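Report on the structure
The primary structure of each chain is shown beneath.
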Amino acid sequence: MITATALATDPLGPRQVPLPFAPSPPLVPVPAERGDASELRHRCARFTQALAEVITGIRPVRQLGPWLSRDVYEQLHRYVAERFVAGGPRHSPRVVSVHIAMVDPAAAEIAARMVHRGRSHALAVRLQRGRDHQGRTTWRCTAAEWA
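**Here we look at the packing of helix 2 (residues 41–55) against helix 3 (residues 70–83)**
It is the contact of helix 2 with helix 3, at a shortest axis distance of 9 Å, that shows an interaxial angle of 40 degrees. Taken together, the axes of helix 2 and helix 3 lie oblique to each other. Listed contacts from helix 3 to Leu51, Val54 and Ile55 of helix 2 are Leu76, Tyr79 and Val80. When its residues are assigned to classes, the contact of helix 2 with helix 3 shows six nonpolar, no polar and no charged.

What follows is the structure in structure tokens.
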């Protein structure tokens, strides 16, 4: 029978990795999709990065206005107005992963992870395909959540 003491003093037992760990390479957004999300692949990482910048007060909400539904625009505007004072110090967020799921041909759901001040945060977005006033196909954010 092997006792805990024997395992702890066994010179041939597994070795603990010394600290500090070697630095790992930085993470970059890597889109991963379910369904046919090829049309959105490049746009999603850029959109979620811009949304992360709005949520952290780096970018004004009005810059995303054309791509947001009225409800999402107002939700973001209230959130930013309650939390940030003009001219205060800001730290840029970084979106490190993006996952796209095509719910149907006219709707996509995006899950993203951002890092801000060394902590991970989640973003969830729903995009709906529609037409603008000139008849061009566009994608509009109809729902957004973050934590």
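**Structural notes on the nonpolar core**
Formed by 30 residues in total, the largest nonpolar core has its most connected members in Leu76, Val98, Leu127 and Cys141. Going through the elements one at a time, helix 2, helix 3, strand 2 (94–104), strand 3 (107–116), strand 4 (119–131) and strand 5 (137–146) are the ones with two or more residues in this core. Apart from residues lying up to four places away in sequence, Cys141 is in contact with Phe47, Trp67, Leu68, Ser69, Val72, Val125, Arg126 and Leu127.

**Comments concerning the pairing of strand 4**
Alignment of strand 3 against strand 4, held across 10 bridges, turns out to be antiparallel. What sits directly across from Ala107, in strand 4, is Gln128. A loop of two residues connects strand 3 with strand 4, the two strands running antiparallel in sequence, and Arg117 in this loop sits at a positive phi of about 55 degrees. In terms of strand pairing, strand 4 meets strand 5 through nine bridges, oriented antiparallel. Within the sheet, the bridge partner assigned to Val125 lies in strand 5 and is Ala144. Here strand 4 folds back onto strand 5, and the loop between the two strands holds five residues, one of which, Gly135, carries a positive phi near 85 degrees.

**What about helix 3?**
Over its 14 residues, helix 3 runs 20 Å from end to end, which matches the ideal 20 Å to within 8%, given 1.5 Å per residue. Buried within helix 3 are the following residues: Val72, Leu76 and Val80. For helix 3, the buried positions fall inside an angular range of 60 degrees around the axis, keeping them on one side. Facing away from the buried surface of helix 3 by more than 90 degrees, the exposed residues are Arg70, Asp71, Ala81 and Glu82.

Definitions and cut-offs
- Throughout this description, residue numbers start from 1 for each chain and increase along the sequence as written.
- This being a predicted model, a pLDDT of at least 70 is required before a residue's local features are given, and a value of 80 or more before pairs of side-chain atoms are given or counted; all residues contribute to the totals for chains, interfaces and linings.
- Side-chain metrics in this entry use all non-hydrogen atoms of the structure; hydrogen atoms and water are not considered.
- Where helices are involved, their axes are fitted lines through C-alpha atoms of the stretch in contact, as for all axes, and angles between N-to-C directions lie from 0 to 180°.
- Counting from the N terminus, the helices are DSSP H or I runs at least four residues long and the strands are E runs at least two residues long.
- Any angle that is under 35 degrees is reported as roughly parallel, and any over 145 degrees as roughly antiparallel; angles of 65 to 115 degrees are reported as roughly perpendicular and all others as oblique.
- Contacts between residues were defined by any pair of non-hydrogen atoms, one from each residue, lying within 4.5 Å.
- Residue classes follow a fixed rule: Ala, Val, Leu, Ile, Met, Phe, Trp, Tyr, Cys and Pro count as nonpolar, while Asp, Glu, Lys and Arg count as charged, and any other residue, Gly among them, counts as polar.
- Buried residues of nine kinds, namely Ala, Val, Leu, Ile, Met, Phe, Trp, Tyr and Cys, make up a nonpolar core once their side-chain atoms join them within 4.5 Å.
- The cut-offs for exposure are 20% and 50% of the maximum accessible area for each residue type, with area from a 1.4 Å probe on protein chains only; residues under the lower value are buried, those over the upper are exposed, and the others partly exposed.
- Pairing between two strands is assigned when DSSP locates at least 2 bridges connecting them.
- Each helix should span, by expectation, one fewer than its residue count multiplied by 1.5 Å.
- Arc definition: directions from the helix axis to the C-beta atoms.

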